[in-house]
Amino acid sequence: MIESLMTHSSIRRYKNEPVQPDVLHTIIRAGQHASTANGVQAYSVIHVTDEEKKKQLAELSKNPTQFNTAGAVLILCMDFYRIKEAARQAGKDVSFDLAENLLVATTDVALFAQNIAVAAESLGFGICYIGGVRNAPEEISELLELPEGVAPMYGLTIGVPDEEREVKPRFPIEAVMHENTYHTKKYDELIPAYDEAMKDYYQTRGENQKSQTWSQSMAAFLGEPRRPYMKDFLQKRGFDFK
Ligand SMILES: Cc1cc2nc3c(=O)[nH]c(=O)nc-3n(C[C@H](O)[C@H](O)[C@H](O)COP(=O)(O)O)c2cc1C
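All values reported here derive from a predicted model rather than from experimental measurement.

Would you mind showing me how to read the overall build of the protein chain here?
What the protein chain contains, in helices and strands, is 11 helices and 4 strands. Scaling as 2.2 N^0.38, a compact globule of 242 residues should have a C-alpha radius of gyration of about 18 Å, and the protein chain matches this with 20 Å. With the principal axes as the frame, the protein chain shows a C-alpha extent of 60 × 45 × 35 Å. The buried share of the protein chain, taken over its 242 residues, is 29%. Here the analysis covers contacts within the protein chain between residues at least 6 apart in sequence; of these, 82% occur between residues at least 24 apart.

Written as C-alpha cells, this is what we have:
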C-alpha cells in the first residue's frame, strides 16, 4: 500500500480499454468505506458512459485527453440532496446552508474520491482528478441533471496507463510536519531548496517542460482570482457560508 501511494503520479492518457463494471463497482465500494463525518456520506458519483456526454465534459472542462481516452469517467459531487431527502422522510425540512456543512461535504467527497483513486491504482490503473470540471459547473450540472444540493467538484478519470509514470517531487517531510507548534522560520531555506528540486523536475520531465519555479507557480496561482463564480454557483445549489 505504502509503495503504491509513494509512486503515485497522475496519468492523463489511457489505452483504449474499458474498466469492467464489476471492477469499477469494487473500486467504488472501496471508496464508500472511507471515513465520513457523522456517517453523512455527503457525496455521489456520476459514472458517465454516454459518449456524447463524455465529449461535452472533455470540452467544458478543457481536459480533453483524459476524458476522451479514459476507461471510466467519473464525476464526483458533494451531495446534500440525499441527506435533505432523508430528513424529509423523517418528517423534517432542513437546510444545509452553514459553512460547516460545506466543509463536511468537501471533506467527505475528497475522502471518497481518494479511496477510489487508491483502490484503482492498487489494481494497476492510472487516475487523474479533473478540477477542470469547475470551469463550467453550471453547464455540467445541467448535463448530468444534478438536483439542488448536489454540486460537481471534480472528475476522476481511470484507465490503463498509456504514458510513463513520473513521480512529482514533494516537499521534504520537515516542511509539512511541525512539532508541537508551527515553525515559520524554516521556510527561508526549505522553499528555495524545493524550488531547485522542482526546477530540475520541470526541466527534465518527459512532457510539458517549463523553467518556472514552484514559488513562481504559486504566485501565479494565487495572483489572479480563480473561478470567482464558485461562491454564486454553490449558493444557487443550496450550499452557503452562514
Ligand atoms: C482536486 C484536484 C484537481 C485536479 N485537477 C486537474 C485537472 O483539471 N487537470 C489535470 O490534468 N490534473 C489535475 N489534477 C492533478 C494535479 O495536477 C496533480 O495531482 C498534481 O500536479 C501532482 O501531481 P501527481 O498527481 O502526478 O503527483 C488535479 C488534482 C486534484 C487533487
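What is the right way to read the site of the ligand from this model?
All residues in the neighbourhood of the ligand are listed as His8, Ser9, Ser10, Arg12, Asn63, Cys128, Tyr129, Ile130, Gly131, Gly132, Tyr154 and Lys168. The leading source of residues in the shell around the ligand is strand β3 (residues 126–130), at 3 residues. Residue classes in the shell around the ligand are distributed as 4 nonpolar, 6 polar and 2 charged.

Hey, could you run me through the packing of helix α2 (residues 21–32) against helix α6 (residues 99–122) in this one?
Think of two packed helices as two axes; the pair is described by the angle between the axes and how far apart they sit. Their axes nearest at 7 Å, the elements α2 and α6 cross at an angle of 140°. In this view, α2 runs oblique relative to α6, as classed from their interaxial angle. Both α2 and α6 take part in a crossing whose hand is right-handed. Listed contacts from α6 to Ile27, Ile28, Ala30, Gly31 and Gln32 of α2 are Phe112, Asn115, Ile116, Ala119 and Ala120.

Just checking my understanding: could you explain the sheet that holds strand β2 (residues 72–79) for this structure?
Each strand in a sheet pairs with another by means of backbone hydrogen bonds, the pair being arranged parallel or else antiparallel. One open sheet holds the 4 strands; their spatial order is β1-β2-β4-β3, and the pairing between them is antiparallel. Looking at the sheet topology across the chains shown, the edges are occupied by β1 (43–48) and β3. Each strand axis lies, on average, 25° off the axis of its neighbour in the sheet, ignoring direction. When β2 meets strand β4 (residues 150–159), the two strands line up antiparallel, connected through 8 bridges. Bridge assignment links aspartate 79 to a residue of β4, and that residue is valine 150. Sheet strands touched by helix α3 (residues 51–61): β1, β2, β3 and β4. Its angle to β1, the strand with the most contacts, is close to 115°.

What exactly am I supposed to notice about unusual backbone geometry here?
Peptide bonds are mostly trans, and most non-glycine residues show a negative phi. With a phi angle near 60°, lysine 62 is a residue other than glycine that sits in the positive phi range. With respect to the helices and strands, lysine 62 occurs in the loop between α3 and α4 (64–69). For asparagine 180, which is not glycine, the phi torsion reads 70° and is therefore positive. Mapped onto the elements, asparagine 180 comes out in the loop between α8 (173–176) and α9 (187–204). A tally of 5 C-beta atoms within 10 Å means that asparagine 180 is categorised as exposed.

In this structure, what is going on with the nonpolar core? I would like to understand it.
Soluble globular proteins: nonpolar side chains tend toward being buried together. Leu76, Cys77 and Val109 are the most contacted members of the largest nonpolar core, which totals 46 residues. Taken together, the elements giving at least two residues each to this core come down to β1, α3, β2, α6, β3 and β4. Residues contacting leucine 76, with those up to four places away along its chain left out, are Tyr43, Val45, Val109, Phe112, Ala113, Met153, Tyr154 and Leu156.

Help me understand α6 in this model?
Think of an α-helix as turning once every 3.6 residues; residues three or four places apart then point the same way. Compared with the 34 Å implied by 1.5 Å per residue over 24 residues, the 35 Å span of α6 between its first and last C-alpha is a close match. Directly after α6, the chain includes glycine 124, whose backbone phi takes a positive value near 95°.

Conventions used here
Counting from 1, residues in each chain are numbered in the order their sequence is written. Only residues with pLDDT of at least 70 get local features here, since the model is predicted, and only at 80 or more are side-chain atom pairs given and counted; chain-wide, interface and lining totals rely on the full set of residues. Secondary structure follows DSSP: runs of H or I at least 4 residues long count as helices, runs of E at least 2 residues long count as strands, and numbering of each begins at the N terminus. Within these notes, the globule rule equals 2.2 Å times the number of residues to the 0.38 power, and the radius of gyration is based on C-alpha atoms. Here a residue counts as buried when 20 or more other C-beta atoms sit within 10 Å of its C-beta, as exposed when there are 12 or fewer, and as partly exposed otherwise, the C-beta atoms being derived from the backbone. By definition, residues are in contact whenever their C-beta atoms, placed on the basis of the backbone, come within 7 Å of each other. To decide whether a residue is near a molecule or strand, its C-beta atom is placed from the backbone and checked for lying within 6 Å of it. Residue type decides the class: Asp, Glu, Lys and Arg count as charged, Ala, Val, Leu, Ile, Met, Phe, Trp, Tyr, Cys and Pro as nonpolar, and the leftover types, Gly among them, as polar. Each axis is a line fitted through C-alpha atoms, taken for helices only over the stretch in contact, and angles between the N-to-C directions span 0 to 180 degrees. Every angle not falling under 35 degrees, over 145, or within 65 to 115 is termed oblique; those three ranges are roughly parallel, roughly antiparallel and roughly perpendicular. Left-handed describes a crossing whose near helix is turned anticlockwise from the far helix through less than a right angle; right-handed describes the clockwise counterpart. In short, DSSP must find at least two bridges between two strands for them to pair. The nonpolar core is taken to be a set of buried Ala, Val, Leu, Ile, Met, Phe, Trp, Tyr and Cys residues joined by way of C-beta atoms within 7 Å. Expected span of a helix: the number of residues minus one, times 1.5 Å.

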